[in-house]
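Architecture and fold: a report
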Amino acid sequence: MAERIRCGWAQSALSIPYHDKEWGVPVHDDRVLFEFITLEGAQAGLSWETILKKRDAYRKAFADFDPVKVARFTPARVERLMGDAGIVRNRLKIESTVSNARAFLAVQREFGSFDAYLWEFVGGKPIVSRHRTMRDYPVRTAKSDVLSRDLKKRGFRFVGTTICYAFMQAVGMVDDHMATCFRAR
């Protein structure tokens, strides 16, 4: 049987199933959105492969990404997380997850859900791009710039425009599967 053609970055035992089942699929579950905004922030300066390897440990360390629980993490809990080899032990990233949980809850209160807030940035439906080569992928767009600015204004950290664009791809706000990829619609 012929091998499926995928986006060029999906080449490992972890990235292939992530690509095939998750990347670019529209997400409307607030808990999953909090998971991805956390993981994308943790990935800053690292490879996505590193984060995929640590994903289960992140789920355990951050209460299965329940923002209500994470928002209540104390400085002592942050200290314990600094000793957890299963996650990226960067104090700023760990602390930002806690403060981002609080900002996330504030957005939920204001908009009814983080999903309702987030998807307005793309008019409620995915932006579809069909790139021909890996070089064609942008690292940011005007929409990721706007999202980044608004999240920062609301108190989020580790949400620069490049992180926001990767987040938008991950949660399906942007469908960037290559034109040759079997996942391209």
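Structure report, in brief.

About the thresholds
- Residues numbered from 1 in each chain as written.
- Predicted model: local features only at pLDDT ≥ 70, side-chain atom pairs only at ≥ 80, totals over all residues.
- Heavy atoms only, no water.
- Helix = DSSP H or I, 4+ residues; strand = E, 2+ residues; numbered from the N terminus.
- Disulfide = S-S within 2.5 Å.
- Buried < 20%, exposed > 50% of the residue type's maximum accessible area, 1.4 Å probe, protein only.
- Contact = heavy atoms within 4.5 Å.
- Polar contact = N/O pair within 3.5 Å; in protein donor to acceptor, adjacent residues only side chain to side chain.
- Salt bridge = Lys/Arg side-chain N within 4 Å of Asp/Glu carboxyl O.
- Phe/Tyr/Trp six-rings, centres within 6.5 Å; stacked < 30°, edge-to-face > 60°.
- Lys NZ or Arg CZ within 6 Å of the ring centre and 35° of its normal.
- Core = buried A, V, L, I, M, F, W, Y, C linked by side-chain atoms within 4.5 Å.
- Expected span 1.5 Å × (residues − 1).

1. Some remarks on the environment of Pro 26
Locating Pro 26 in the fold gives a position in the loop between α1 (15-21) and α2 (30-43). Between the alpha carbons of Pro 26 and Ile 51 there is a distance of 20 Å; along the sequence they are 25 residues apart.

2. A short note on the state of the cysteines
Considering all chains together, one arrives at 0 disulfides under this definition. No disulfide involves Cys 7; its sulfur sits 3.9 Å from the nearest other cysteine sulfur, which is in Cys 181. Judged by relative accessible area, Cys 7 falls into the buried class, the value being 1%.

3. Let's talk about the environment of Lys 143
With respect to the helices and strands, the residue Lys 143 is situated in helix α8 (residues 142-153). The class for Lys 143 is partly exposed, based on a relative accessible area of 37%. For the pair Lys 143 and Phe 34, spaced 109 residues apart in the sequence, the C-alpha separation amounts to 19 Å. Once residues within four sequence positions are removed from consideration, Lys 143 is found in contact with Phe 121, Val 122, Ile 127 and Met 168.

4. A word on the side chain of His 177
You can see His 177 is positioned in the segment after β2 (174-175). A polar contact of 3.1 Å, which involves the side chain of His 177, links it to the side chain of His 19.

5. A word on the pattern of salt bridges
Where side chains of opposite charge bring their charged atoms close, a pairing between them can arise. Within this structure, the stated rule accounts for 14 salt bridges. Here Glu 3 makes a salt bridge to Arg 6, at a shortest N to O gap of 3.0 Å. With its nearest N and O atoms 2.8 Å apart, the salt bridge here joins Glu 22 to Arg 55. You can see Glu 22 sitting in the loop between α1 and α2 and its partner Arg 55 sitting in helix α3 (residues 48-61), a full 33 residues away along the chain. Overall, Arg 55 belongs to the buried group, its relative accessible area being 9%. Counted as one network, the salt bridges with shared partners bring together Glu 22, Arg 31, Glu 35, Arg 55, Asp 56, Arg 59 and Asp 64.

6. Topic: the packing of aromatic side chains
Overall, the coordinates contain 13 aromatic pairs when judged by the stated rule. Ring geometry for Phe 62 against Phe 73: centres 6.0 Å apart, planes inclined by 15 degrees, an arrangement best described as stacked. You can see Phe 62 sitting in the loop between α3 and α4 (67-71) and its partner Phe 73 sitting in the loop between α4 and α5 (75-82), a full 11 residues away along the chain. In terms of burial, Phe 62 and Phe 73 fall into one category: buried. Here Arg 4 stacks its cationic end above the ring of Phe 182, 4.2 Å away from the centre of that ring. Lying across the ring of Phe 73, Arg 77 places its NZ or CZ 3.9 Å from the centre.

7. Focus on helix α9 (residues 161-170)
Where burial is concerned, most of α9 is hidden: 9 out of the 10 residues are buried. Taken together, the buried positions of α9 are occupied by Thr 161, Ile 163, Cys 164, Tyr 165, Ala 166, Phe 167, Met 168, Gln 169 and Ala 170.

8. Focus on the nonpolar core
Membership of the largest hydrophobic core comes to 53 residues, with the highest contact counts inside it found for Phe 62, Phe 114, Leu 118, Leu 147, Leu 151, Phe 156 and Phe 167. Of all the secondary structure elements, the ones that give two or more residues to this core are α2, α3, α4, α5, α6 (91-111), α7 (114-119), α8 and α9. Ignoring anything within four residues of it in the chain, the contact list for Leu 151 reads Ile 37, Phe 114, Tyr 117, Phe 156, Val 159 and Cys 164.

9. A closer look at α8
The terminal C-alpha atoms of α8, which comprises 12 residues, lie 17 Å apart, in line with the 16 Å expected from a rise of 1.5 Å per residue. Three or more residues of α8 are buried, namely Ser 144, Asp 145, Leu 147, Ser 148, Asp 150 and Leu 151. Buried residues in α8 make contact with α2, α7 and α9. Phi for Gly 155, located one or two positions after α8, is positive at around 100 degrees.

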